[in-house]
Amino acid sequence: MSDFRPILRPALGAKTAISSAQVKLSALPEGAILHVLAQPGEQDMASFLSGLDKGAVRTVSPGQWFIVGDEPMTHGEIKALFDTLEPRATGIDQSGGRVRIRIEGSQAARVLSKGTAVDLSAGSFSVGQSATTLIGHIAVHLTRSSQNSFELIVLRGFADSLWDDLTRMSAEYR
């Protein structure tokens, strides 16, 4: 099989980053998003995945993770990674089907709290923690990447709508 990768129009290519002193909204590079599913009973997979050094590891649910990176991976690189996972886990390339958005700044948690029921206070949702939630009616995988920064992973077809919602939700801080 070749290393052919379809050329996709960036899902948020026409969107301009929004920036103020209190909140910044930006589209992250459409690199790699790989969904990893562990075999039942597998232990310590998060450490194993982090040790592969193929990208940031995000918990999705028990036995499931995303590996995300800013750079795209070729078919050969993805196949080699998935071969490394066997037989402990299997992987699915979600790179063409999902988009990452970053929201950061002193009011980022407040903006997000307008659309989700997740308690985003630092004591309840610490750096590195992830949750699958709804923002409005859109399913989002949300990760706190630093004290005032969040990464949102959304299905590609909903990225534009989520961006528009986040833009409206952050209007008072611009």
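Coordinates for the structure precede this section.
The notes below deal with the structure included here. This structure is a prediction, so every number in the text was calculated from the model and none was measured.

In this section: empty space enclosed by the protein. All told, the structure shown has one cavity of 30 Å³ or more when counted by the stated rule. Computed from the structure, the largest cavity encloses a volume of approximately 40 Å³. Lining the largest cavity are Pro-29, Glu-30, Gly-31, Ile-33, Ser-95, Arg-98, Val-99 and Arg-100. Of all the elements, strand β7 (residues 98–104) adds the most residues to the lining of the largest cavity, at three residues.

Strand order across the open sheet formed by four strands is β4-β5-β3-β6, with antiparallel pairing between neighbours. The two strands at the open ends of the sheet, each matched to only one other strand, are β4 (56–61) and β6 (89–93). The mean inter-strand angle of the sheet, taken between neighbouring strand axes irrespective of direction, is 25°. Two elements, β4 and strand β5 (residues 64–69), share five bridges in a ladder whose sense is antiparallel. Across the sheet, residue Arg-58 finds its bridge partner in β5, namely Phe-66.

Parameters at a glance
- Residues numbered from 1 in each chain as written.
- Predicted model: local features only at pLDDT ≥ 70, side-chain atom pairs only at ≥ 80, totals over all residues.
- Heavy atoms only, no water.
- 1 Å grid on protein atoms, 1.4 Å probe; cavity = no way out; pocket = protein on both sides within 12 Å on 5 of 7 lines; lining within 4 Å.
- Points joined across faces, edges and corners; volume = space filled by probe spheres on them.
- Helix = DSSP H or I, 4+ residues; strand = E, 2+ residues; numbered from the N terminus.
- Pairing = 2+ DSSP bridges.
- Axes fitted to C-alpha atoms, helices over the stretch in contact; angles between N-to-C directions.

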